[in-house]
Amino acid sequence: MTAGAFLSIAVIHLLAAMSPGPSFVVCIRTAITEGFRTSVALAVGFGLGAVLWASAALAGLALLFELVPSLFTALKLIGGAFLVWIGIQMWRHAKEPLDMAQDGLARMTPRRALRYGFLTFAANPKPAVFFGAVFVGLVPADAPIPALAGLIAVIFLNETLWYILVARLFSLSRPRSLYLRAKAWIDRCFGTLMGIFGLKIALG
């Protein structure tokens, strides 16, 4: 694999990671309501989810989706339903006040946040198709294992570091205070967005 191809994949993925989606919505809300430390664990979960789909694409899952479209449809329906469920929960609890702890807003443990981040990312099988399309054009069939491992590592870092940056920005005191003043409306907006993303994944 040439250095140019490696860099191209890294840049393409970073731009894709920065585009708004379900992970972005979850990250913002978690940063505001749970604090920076918990959001870092969430970001690591997103990174692991990206590794899952990138590894699956390298293993040929994207090709399997083409050969067995019903498998991809089933995964989309399951993942979309999961995101819609998250959106419904946001709506249901929109009016509930936050439990304010002495040390901030942290209620979710880092382990739970990591698992939540991973499941949120894994609920969308479309990254496997994205990675498959990118890899087909830029990763040679005889690419050495170290190069592939380095590629997976860069994808993990891209996803994780981007969402850590997002978490840092939205865990500051001003975004939190704005959220607390309009919690019900913001949660409903986030819930609606999650529902839309879920339906888009399931039906798209």
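Procedures and definitions
- Residues numbered from 1 in each chain as written.
- Predicted model: local features only at pLDDT ≥ 70, side-chain atom pairs only at ≥ 80, totals over all residues.
- Heavy atoms only, no water.
- Axes fitted to C-alpha atoms, helices over the stretch in contact; angles between N-to-C directions.
- Helix = DSSP H or I, 4+ residues; strand = E, 2+ residues; numbered from the N terminus.
- Parallel < 35°, antiparallel > 145°, perpendicular 65-115°, else oblique.
- Left-handed = near helix turned anticlockwise from the far one by under 90°.
- Contact = heavy atoms within 4.5 Å.
- Nonpolar A, V, L, I, M, F, W, Y, C, P; charged D, E, K, R; others polar.
- Phe/Tyr/Trp six-rings, centres within 6.5 Å; stacked < 30°, edge-to-face > 60°.
- Lys NZ or Arg CZ within 6 Å of the ring centre and 35° of its normal.
- Buried < 20%, exposed > 50% of the residue type's maximum accessible area, 1.4 Å probe, protein only.
- Polar contact = N/O pair within 3.5 Å; in protein donor to acceptor, adjacent residues only side chain to side chain.
- Expected span 1.5 Å × (residues − 1).
- Salt bridge = Lys/Arg side-chain N within 4 Å of Asp/Glu carboxyl O.

Packing of helix α2 (residues 22-34) against helix α8 (residues 145-170) leaves a shortest axis separation of 8 Å and a crossing angle of 40°. The angle between α2 and α8 falls in the class oblique. Crossing of α2 against α8: the hand is right-handed. Listed contacts from α8 to Ser23, Phe24, Cys27, Ile28, Ala31 and Ile32 of α2 are Trp162, Tyr163, Val166, Ala167 and Phe170. Tallied by class, the residues present in the contact of α2 with α8 amount to 10 nonpolar, 1 polar and no charged.

Attention shifts here to the packing of aromatic side chains. Using the criterion set out here, one finds 4 aromatic pairs in the structure. Members of the aromatic cluster, each reached through a chain of ring pairs, are Phe130, Phe131 and Phe135. If you follow Arg188 out to its NZ or CZ, it ends over the ring of Trp185, 5.7 Å from the centre.

Time to look at the side chain of Asn158. With respect to the helices, strands and loops of the structure, Asn158 is situated in helix α8. On the accessibility criterion, Asn158 (15% relative accessible area) is buried. Looking at Asn158, its side chain comes within polar contact range of the main-chain oxygen of Ala10, at 3.0 Å. At 3.3 Å, the side chain of Asn158 and the side chain of His13 are in polar contact. Contacts of Asn158, omitting those with residues within four sequence positions, involve Ala10, His13 and Leu14.

With 23 residues, helix α3 (residues 36-58) extends 33 Å between its outermost C-alpha atoms, agreeing within 8% with the 33 Å of an ideal straight helix rising 1.5 Å per residue. Looking at the residues trailing α3, positive phi occurs at Gly60, about 100°.

This part covers the pattern of salt bridges. Pairs may arise between side chains of opposite charge once their charged atoms sit close together. Within the structure shown, the criterion is met by 2 salt bridges. Its salt-bridge partner being Arg29, residue Asp187 comes within 2.9 Å of it at the nearest N-O pair. A residue pair is termed long-range when its members are at least 10 positions apart, and Asp187 in helix α10 (residues 183-203) and Arg29 in helix α2 qualify at 158 residues. With its nearest N and O atoms 3.0 Å apart, the salt bridge here joins Asp187 to Lys183. Linking Asp187 with Lys183, this pair stays in helix α10, spanning 4 residues, or about one helical turn. Exposure class is identical for Asp187 and Lys183. Each is buried.

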